[in-house]
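So you can see what is in the structure, the chains are spelled out below.
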Amino acid sequence: MTDELLVVRCQLGEREALAELVRIWHAPVWGFVRRMLDAERADDVTQEIWVAALRGLPRLTEPGRFGPWLFTIARRTVVNRLRHEYARAQADEAFQTSEEPVTADPADAAVDRAELIAGLAGLPVREREILILFYLQDLSIEDCAQICAIPPGTVKSRLNRSRRLLREHLIERGYRP
C-alpha cells in the first residue's frame, strides 16, 4: 500500500492506517534523529516528531509527499531541540565559575564505524543533516531542499562541503581515500 493511500486513510480516521505509517516510517525517522543527536535524546525527539505529525496530518494537502513532509517536521524538531539545549548551555555557562571538560557520547564509541560517526558528529549541523538526508535516508536533492527550506543549488554546495570536511577528518585519522 502506498504512503499516499495510507495518509488519506489516516485523514479519514483509520487507526490501522496510522499504525502502518508509523511502522514504515519510524526507523528512517529515528535513524535521522539518532545521527543528529545522541541515542538518549533520539527516542524523546522521535516521539515529539510523531506527535507533531499526528497533529498536522489532517492539514497535509499533498498526501503523496508524506516522506519529505515528515522529514521537514523531524528536521524542525531536531533544530528546535538543539537551539533549546544551546540556550540552556549558554545560560548554565554564564552561572558557572569553572569550566568542565566536555565528554564524548559513550554510545558513539560502541558503534562499529566509530570514526565515520565521529566525523559526522564533528560536522556543522547544516552539513551533517544534508549528508544524512541525502545518503542515509536516500532522499533526492529536491526533497532535501524542500525539507531544509533552501534552494537545490545550496543542497549541492552543502553536500560538496560536507564530503570534503568528512574526507579531511578521516584523512587526519589515518584513513586514505
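None of the values given here were measured: they were computed from a predicted structure.

What counts as what
- Residues numbered from 1 in each chain as written.
- Predicted model: local features only at pLDDT ≥ 70, side-chain atom pairs only at ≥ 80, totals over all residues.
- Heavy atoms only, no water.
- Axes fitted to C-alpha atoms, helices over the stretch in contact; angles between N-to-C directions.
- Helix = DSSP H or I, 4+ residues; strand = E, 2+ residues; numbered from the N terminus.
- Parallel < 35°, antiparallel > 145°, perpendicular 65-115°, else oblique.
- Left-handed = near helix turned anticlockwise from the far one by under 90°.
- Contact = heavy atoms within 4.5 Å.
- Nonpolar A, V, L, I, M, F, W, Y, C, P; charged D, E, K, R; others polar.
- Salt bridge = Lys/Arg side-chain N within 4 Å of Asp/Glu carboxyl O.
- Buried < 20%, exposed > 50% of the residue type's maximum accessible area, 1.4 Å probe, protein only.
- Arc of directions from axis to C-beta.
- Core = buried A, V, L, I, M, F, W, Y, C linked by side-chain atoms within 4.5 Å.
- Domains from an automatic or database assignment.
- Phe/Tyr/Trp six-rings, centres within 6.5 Å; stacked < 30°, edge-to-face > 60°.

Q: Could you give me a rundown of the packing of helix 1 (residues 3-11) against helix 2 (residues 15-36), with the residues and numbers involved?
A: Two elements in contact, helix 1 and helix 2, have axes whose closest approach is 8 Å; the angle formed by their N-to-C orientations is 140°. Judged on the interaxial angle alone, helix 2 and helix 1 are oblique. In this structure, the crossing between helix 1 and helix 2 has a hand that is left-handed. Taking contact as the criterion, the partners of Asp3, Leu6, Val7, Arg9 and Cys10 in helix 1 are, on helix 2, Glu16, Ala17, Leu18, Glu20, Leu21, Ile24 and Trp25. Partitioned by chemical class, the residues of the contact of helix 1 with helix 2 number 8 nonpolar, no polar and 4 charged.

Q: Would you mind going over the pattern of salt bridges in detail, with residue names and values included?
A: Across all of its chains, the model carries 10 salt bridges by this definition. One salt bridge connects glutamate 127 with arginine 161, and the closest N-O pair in it is separated by 2.8 Å. Placement of the pair is glutamate 127 in helix 7 (residues 125-136) and arginine 161 in helix 9 (residues 152-172), with a sequence separation of 34 residues. Residues joined by salt bridges that share partners form a network here, namely Asp38, Arg41, Glu48, Arg81 and Glu85.

Q: Before we move on, could you go through helix 1 and cite the residues and values that matter?
A: Within the sequence span of helix 1, burial applies to Leu6, Val7, Arg9 and Cys10. Each buried residue of helix 1 lies within a common arc of 160° when the element is viewed along its axis, so the set occupies one face. Glycine 13 sits one or two positions beyond helix 1 and adopts a positive phi of about 100°.

Q: How would you sum up the nonpolar core? Please name residues and give values.
A: One finds Phe32, Val33, Ile49, Phe66, Leu70, Leu133 and Val155 to be the most contacted residues of the largest nonpolar core, which totals 42 residues. Taken together, the elements giving at least two residues each to this core come down to helix 1, helix 2, helix 3 (39-56), helix 4 (66-95), helix 7, helix 8 (141-148) and helix 9. Shared between two domains, this core holds at least three residues of each, these being domain 1 (1-82) and domain 2 (98-176). If we ignore the near neighbours within four places in the chain, the residues touching phenylalanine 32 are Phe71, Ala74, Arg75, Val78, Glu129, Ile132, Leu133 and Gln137.

Q: Account for the packing of helix 2 against helix 7, with residues named and values stated.
A: In contact at an axis separation of 10 Å, helix 2 and helix 7 are set at 150° when each is read in the N-to-C sense. Viewed along their axes, helix 2 and helix 7 adopt a mutual orientation that is roughly antiparallel. For the crossing formed where helix 2 meets helix 7, the hand is right-handed. Across the interface between the two elements, Phe32, Arg35 and Met36 of helix 2 pack against Val125, Arg128, Glu129, Ile132, Leu133 and Leu136 of helix 7. A per-class count over the contact of helix 2 with helix 7 returns 6 nonpolar, no polar and 3 charged.

Q: Kindly report on the packing of aromatic side chains, identifying the contributing residues and their values.
A: For the structure on display, the rule yields 5 aromatic pairs. Considering the side-chain rings of tryptophan 25 and phenylalanine 71, the 6.1 Å spacing of their centres and the 75° angle between planes classify their relative orientation as edge-to-face. Placement of tryptophan 25 in helix 2 and of phenylalanine 71 in helix 4 is noted, with a sequence separation of 46 residues between them. Here tryptophan 25 and phenylalanine 71 have matching classes, each one buried. Here a set of aromatic residues connected by ring pairs shows up, and it is made of Trp25, Phe32, Phe66, Trp69 and Phe71.

Q: Outline unusual backbone geometry, listing residues and values.
A: Positive phi values are uncommon outside glycine, yet aspartate 138 reaches one of about 55°. With respect to the element layout, aspartate 138 can be found in the loop between helix 7 and helix 8. You can call aspartate 138 exposed: its relative accessible area is 65%. Positioned with a positive phi, alanine 149 is a non-glycine residue whose angle comes to about 55°. With respect to the helices, strands and loops of the structure, alanine 149 is situated in the loop between helix 8 and helix 9.

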